[in-house]
Amino acid sequence: MSKVDEFEELRPLLFSIAYRILGSVTEAEDAVQETWLRFDGSSARPTSAKAYLSTVVTRISIDVLRSARVRREAYVGPWFPEPLLSDPYQDPERSVELADSVSMAALLLLERLSPSERAVFLMREVFAFEYDEVAAAVGRSEAACRQLLVRARRHMEAGRPRFAADREERQELATRFFDALKDGDVDGLQELLAADVRMVGDGGGKAPQLAKPVAGATNVSRLLGTVFPWLIRVDVTCEQHEINGQPGAIFRDRDGKVLVILALDVLDGQIQTIRSVINPDKLGHLGPVADAWAIDREVKQARRGG
């Protein structure tokens, strides 16, 4: 195989590693591109392209994550990962691990780990690399990697999300939820929400966003039932879609531009958490982005008019 063919065959894996480390589609794509440049510029051909490229993309991603964490400390409001519509890497033997690890809840949990812990946990637990390969990727000894993994597992197990296993059941509940949302059916929404449901928004100070998280089925259902029907009235459309492997939807303006995404955590037949991402910087990879401020003004004008 040529270098190009080898790389393209492994690109989905490399992106999946980088995205889980970074929580950013754009930064993951950049890390994969930088990996290719280093591979293409190397005169030597590694014995295992998979091991070599995985090591390179992991090291690049760790370096990027360290600088990104400084920026996240100054982030306005809650920080969420960039929404991912589909994971390009598929492995039937690791399907459960892959699906769980890409959810927004899991990616936010990974934020508690150090960059090295995060990389070790993902490479070993999610992608099943051998310890010698993990050690090479993070620049630590195998013994040190085992200790990093123990600490990472402890953090992850303490807050690991447990989602509904039945995909069809989740999607059916999500359909009912978004139908009630469009209709402004507060009672219908409340029936689908857990008593302690939380709704949290990520606007990054660059779009209208929730002033603070909203908690409780009554409060969340009233908020949703009040806001979203007015968005529908100004020609915003709702397109159901999996977001990070969980039920969700993309909302678009009348020109088809992306306004906001909603991602749902479903457990025990109820919605536990609703996350919205409206920061335009995190939506550009999904297509042209709507002017959320303009839509907000249009909604307010419509409400004043009756």
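My aim in this report is to walk through the structure given alongside it, one point at a time. (Residues numbered from 1 in each chain as written. Predicted model: local features only at pLDDT ≥ 70, side-chain atom pairs only at ≥ 80, totals over all residues. Heavy atoms only, no water.)

### Some details on the packing of helix α3 (residues 49-73) against helix α6 (residues 115-126)
Here is step 1 of the chain: Between α3 and α6, the shortest axis-to-axis distance is 10 Å and the interhelical angle comes to 145 degrees. α3 and α6 meet at a crossing whose hand is right-handed. The segment α3 lies against α6, with S54, T58, I62, L65, R66 and R69 engaging P115, S116, R118, A119 and M123.
Here is step 2 of the chain: Here the contact of α3 with α6 is composed, by residue class, of five nonpolar, three polar and three charged. (Axes fitted to C-alpha atoms, helices over the stretch in contact; angles between N-to-C directions. Helix = DSSP H or I, 4+ residues; strand = E, 2+ residues; numbered from the N terminus. Left-handed = near helix turned anticlockwise from the far one by under 90°. Contact = heavy atoms within 4.5 Å. Nonpolar A, V, L, I, M, F, W, Y, C, P; charged D, E, K, R; others polar.)

### Brief notes about the sheet that holds strand β4 (residues 248-252)
Here is step 1 of the chain: The six strands are arranged β2-β1-β6-β5-β4-β3 in an open sheet whose pairing can be described as mixed. In the strand order of this sheet, the two ends are held by β2 (214-215) and β3 (237-240), each with one partner.
Here is step 2 of the chain: One ladder, built from six bridges, connects strand β1 (residues 193-202) with strand β6 (residues 270-277); its direction is parallel. Note on β6: the bridge partner recorded for G201 is S276.
Here is step 3 of the chain: The strands touched by helix α9 (residues 167-183) within the sheet are β1, β3, β4, β5 (258-267) and β6, with β5 carrying the most contacts at an inclination of about 130 degrees. (Pairing = 2+ DSSP bridges.)

### Thoughts on the nonpolar core
Here is step 1 of the chain: Y19, F121 and F127 are the most contacted members of the largest nonpolar core, which has 49 residues in total.
Here is step 2 of the chain: The set of elements that each furnish at least two residues to this core consists of α1 (3-22), α2 (25-41), α3, α4 (95-102), α5 (104-110), α6, α7 (131-138) and α8 (142-159).
Here is step 3 of the chain: When residues of this core are assigned to their parent elements, the largest contribution, ten residues, is made by α1.
Here is step 4 of the chain: The residues touching F121, leaving out its near neighbours within four places in the chain, are L110, L113, V126, L149, A152, R153, M156 and R160. (Core = buried A, V, L, I, M, F, W, Y, C linked by side-chain atoms within 4.5 Å. Buried < 20%, exposed > 50% of the residue type's maximum accessible area, 1.4 Å probe, protein only.)

### Section: the side chain of S276
Here is step 1 of the chain: Tracing the chain through its elements places S276 in strand β6.
Here is step 2 of the chain: Dropping the residues within four chain positions of it, S276 is found in contact with F80, V200, G201, D202, V260, I261 and L262.

### Topic: the pairing of β6
Here is step 1 of the chain: Burial runs high along β6: six of the eight residues are buried.
Here is step 2 of the chain: Across seven bridges, the pairing between β5 and β6 is antiparallel. The residue bridging L262 from the neighbouring strand is S276, located in β6.
Here is step 3 of the chain: Linkage of β5 to β6, two consecutive antiparallel strands, is achieved through a turn of two residues, within which D268 is found at a positive phi near 55 degrees.

### Let's talk about the pattern of salt bridges
As a working rule, side chains carrying opposite charge can pair if their charged atoms are close by.
Here is step 1 of the chain: Following the criterion strictly, the structure yields 23 salt bridges and no others.
Here is step 2 of the chain: Two residues, E6 and R45, come together in a salt bridge whose shortest N-O distance is 2.7 Å. With E6 in helix α1 and R45 in the loop between α2 and α3, this pair connects stretches of sequence that are 39 residues apart.
Here is step 3 of the chain: According to the relative accessible area criterion, E6 is buried, its value standing at 18%.
Here is step 4 of the chain: For the salt bridge of R254 with E298, the shortest nitrogen-to-oxygen distance reads 2.7 Å. (Salt bridge = Lys/Arg side-chain N within 4 Å of Asp/Glu carboxyl O.)

### Observations concerning α9
Here is step 1 of the chain: In this model α9 runs 25 Å from its N-terminal to its C-terminal C-alpha over 17 residues, within 8% of the 24 Å that 1.5 Å per residue would give.
Here is step 2 of the chain: Turning to α9, its buried residues number three or more, namely R170, L173, A174, F177, F178, A180 and L181. Summarising the axial view, the buried residues of α9 lie within an arc of 160 degrees, below the 170-degree limit, and thus occupy one face. Exposed residues lying more than 90 degrees from the buried face of α9 are E168 and D183.
Here is step 3 of the chain: Two residues or fewer past α9, G184 is found with a positive phi of approximately 70 degrees. (Expected span 1.5 Å × (residues − 1). Arc of directions from axis to C-beta.)

### A few points about the environment of D185
Here is step 1 of the chain: With respect to the helices and strands, D185 occurs in the loop between α9 and α10 (186-192).
Here is step 2 of the chain: Along the backbone, D185 and T226 are 41 residues apart, and their C-alpha atoms lie at a distance of 9.2 Å.

### A short note on a negative patch on the surface
Here is step 1 of the chain: On the surface, a cluster of negative charge is contributed by D166, E168, E169 and D268.
Here is step 2 of the chain: By the secondary structure assignment, D268 is in the loop between β5 and β6. (Patch = residues over 30% accessible without salt bridge, like charges linked within 9 Å, V, L, I, M, F, W, Y side chains within 5 Å. Areas by Shrake-Rupley, 256 points an atom, 1.4 Å probe, with all protein chains shown as cover. Lys, Arg positive; Asp, Glu negative; His and termini not counted. Charge placed at Lys NZ, Arg CZ, Asp CG, Glu CD.)

### Brief notes about the packing of aromatic side chains
Here is step 1 of the chain: Tallied over the entire structure, the rule returns eight aromatic pairs.
Here is step 2 of the chain: Each ring, one from F7 and one from W36, has its centre 5.2 Å from the other, and the planes form 55 degrees; the classification is tilted. Of the two residues, F7 sits in helix α1 while W36 sits in helix α2, which places them 29 residues apart along the sequence. Accessibility assignment for this pair places F7 and W36 in one class, buried.
Here is step 3 of the chain: Their ring planes at 45 degrees and their centres at 5.9 Å tell us that F39 and Y52 sit as a pair that is tilted. One end of the pair, F39, is in helix α2; the other, Y52, is in helix α3, with 13 residues separating them in the sequence.
Here is step 4 of the chain: Pairwise contacts between aromatic rings join F7, W36, F39 and Y52 into one cluster.
Here is step 5 of the chain: Geometry around F129 places K50 over its ring, the cationic atom sitting 5.4 Å from the centre.
Here is step 6 of the chain: Sitting above the plane of the W230 ring, R233 keeps its charged end 4.2 Å from the centroid. (Phe/Tyr/Trp six-rings, centres within 6.5 Å; stacked < 30°, edge-to-face > 60°. Lys NZ or Arg CZ within 6 Å of the ring centre and 35° of its normal.)

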